[in-house]
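Here are the chains, one letter per residue:
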Amino acid sequence: MRRTPAALLALMLAGASSAVALEGPAPAAPGATVATSPAAPAKPRVVIVATGGTIAGAGADAANSATYQAAKVPVDKLIAAVPAIANVADVRGEQAFQIASESFTNAQLVDLAKKVSALVKRDDVDGVVITHGTDTVEETAYFLDLVVKTDKPIVMVASMRPSTAISADGALNLLDAVTVAGAKDARAKGVLLTMNDEIQAGRDTTKRVNIKPSAFFSQWGPLGMVVEGKTYWFRAPVKRHGTTSEFDIDSIDALPEVAIVYGSGNMHPEAYTSAVAGGAKAIVHAGTGNGSVAGYLVDTLKDIRAKGVQIIRSSRVGDGFVLRNAEQPDDKYDWVVAHDLNPQKAKILAAVALTKPRDAKDLQRIFWEY
């Protein structure tokens with residue numbers, strides 16, 4: 001029998017429907033539970049606390065990578081400039097300060113730490129990112145590492161080039177920081193710094209270059225890396241921090257004055273005595289070599305210690321650590337050594353430790369443990 005085109009089309013559609021019915025899932029029996037696809041995991045909730053710095057800077061020309069004005073771009077525009085962040089975490093921003101980091105004061109350090117401490121106590125916050133200028137980010141990172149009692153990730157992020165530069169590094173650094181702040185494997189590792197694809201320990205890292213994106217180093221190496229949105233870890237910090245710290249920002253309202261005196265040839269005692277006159281409770285001697293003290297300065301430092309001011313021997317050398325009772329008889333003079341902490345980090349630890357009265361023996365214990 002000859003069929004019309006319309007009849008042939010009807011048969012084809014009927015056959016297709018039968019095939020779908022045969023190949024599809026069988027109808028559920030009355031009363032049976034129908035399986036559903038698992039829901040996508042909830043994204044981590046990350047707060048970006050902005051303080052200014054180069055990452056929020058702007059230059060007059062796209063060719064300006066080192067000449068620009070810091071702290072110009074507000075946090076909402078920083079976030080909007082990196083739309084990929086929305087794929088990584090649920091993010092909101094808070095503007096704490098809008099300053100270049102060399103202008104940070106002790107009062108602002110305390111204010112920032114209290115803000116971060118309050119944030120990590122919230123159930124709706126899984127991690128915190130802090131945008132910061134590179135000049136003092138290592139000091140802020142170490143301070144937060146000591147005084148914010150949490151295992152939640154706290155990640156510092158900065159950039160060496162402003163957002164207006166052709167080769168700006170801030171956008172990827174910020175994306176990586178949010179990735180780390182939302183990562184469960186970043187918990188309990190202390191305050192971190194994420195720049196140039198590396199995850200550095202806030203305690204260890206220091207700025208060694210002032211004109212390249214690869215500016216931050218640790219003599220002990222990075223903790224890990226972020227590559228294409230995935231974290232890779234290679235070591236973990238062993239010094240006390242976070243929940244294991246004896247310090248708590250919730251009980252600290254101000255920091256005592258600590259001075260750094262940079263060592264060189266032909267020094268003058270007035271550099272130390274003027275620091276004491278200015279109210280310093282401790283002096284970090286950034287000595288040559290192994291924290292060496294010139295012979296003509298020893299009596300000055302002994303006299304200062306006798307007046308109750310702590311003397312801490314650090315080194316201006318980039319790597320290594322200061323040995324106790326080497327170069328100088330620290331036990332005899334009741335001095336402290338900074339171990340592997342550079343002068344600026346030694347200053348931070350001394351200020352935190354001296355928020356309570358301590359003798360040199362207890363202060364030395366703290367420098368060994370932190």
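Since the structure is predicted, the reported quantities are computational estimates derived from the model, not experimental observations.

Observations concerning the sheet that holds strand β5 (residues 192-195)
Strands belonging to one sheet form pairs held by backbone hydrogen bonds; the direction of such a pair is parallel or antiparallel.
Next, step 1: The sheet built from eight strands is open, its strands ordered β2-β1-β3-β4-β5-β6-β9-β10 with mixed pairing. Since the sheet does not close on itself, it has two edges, and those belong to β2 (90-99) and β10 (230-233), each with one partner. Neighbour to neighbour, the strand axes of the sheet diverge by 25° on average, direction disregarded.
Next, step 2: Here two bridges tie strand β4 (residues 154-157) to β5, and the two strands are oriented parallel to one another. Each bridged residue has a counterpart across the sheet, and for V155 the counterpart in β5 is L192.
Next, step 3: Most of the contacts of helix α4 (residues 106-120) go to β2, to which it runs at about 165°, and overall it touches β1 (45-52), β2, β3 (127-131) and β4.
Next, step 4: Sheet contacts for helix α5 (residues 137-147): β3, β4 and β5; angle to β4, the most-contacted strand, approximately 175°.

Concerning the pairing of strand β6 (residues 198-201)
Next, step 1: Relative to β6, β5 runs antiparallel, the two being bridged by four bridges. Bridge assignment links L193 to a residue of β6, and that residue is Q200.
Next, step 2: Hairpin remark: β5 followed by β6, antiparallel, with two residues in the connecting loop; positive phi at N196, about 55°.
Next, step 3: Across two bridges, the pairing between β6 and strand β9 (residues 224-227) is antiparallel. Paired with E198 across the bridge in β9 is M225.

Calculation criteria
- Residues numbered from 1 in each chain as written.
- Predicted model: local features only at pLDDT ≥ 70, side-chain atom pairs only at ≥ 80, totals over all residues.
- Heavy atoms only, no water.
- Pairing = 2+ DSSP bridges.
- Helix = DSSP H or I, 4+ residues; strand = E, 2+ residues; numbered from the N terminus.
- Axes fitted to C-alpha atoms, helices over the stretch in contact; angles between N-to-C directions.
- Contact = heavy atoms within 4.5 Å.

Everything listed here is a matter of geometry and, on its own, says nothing about what the molecule does.
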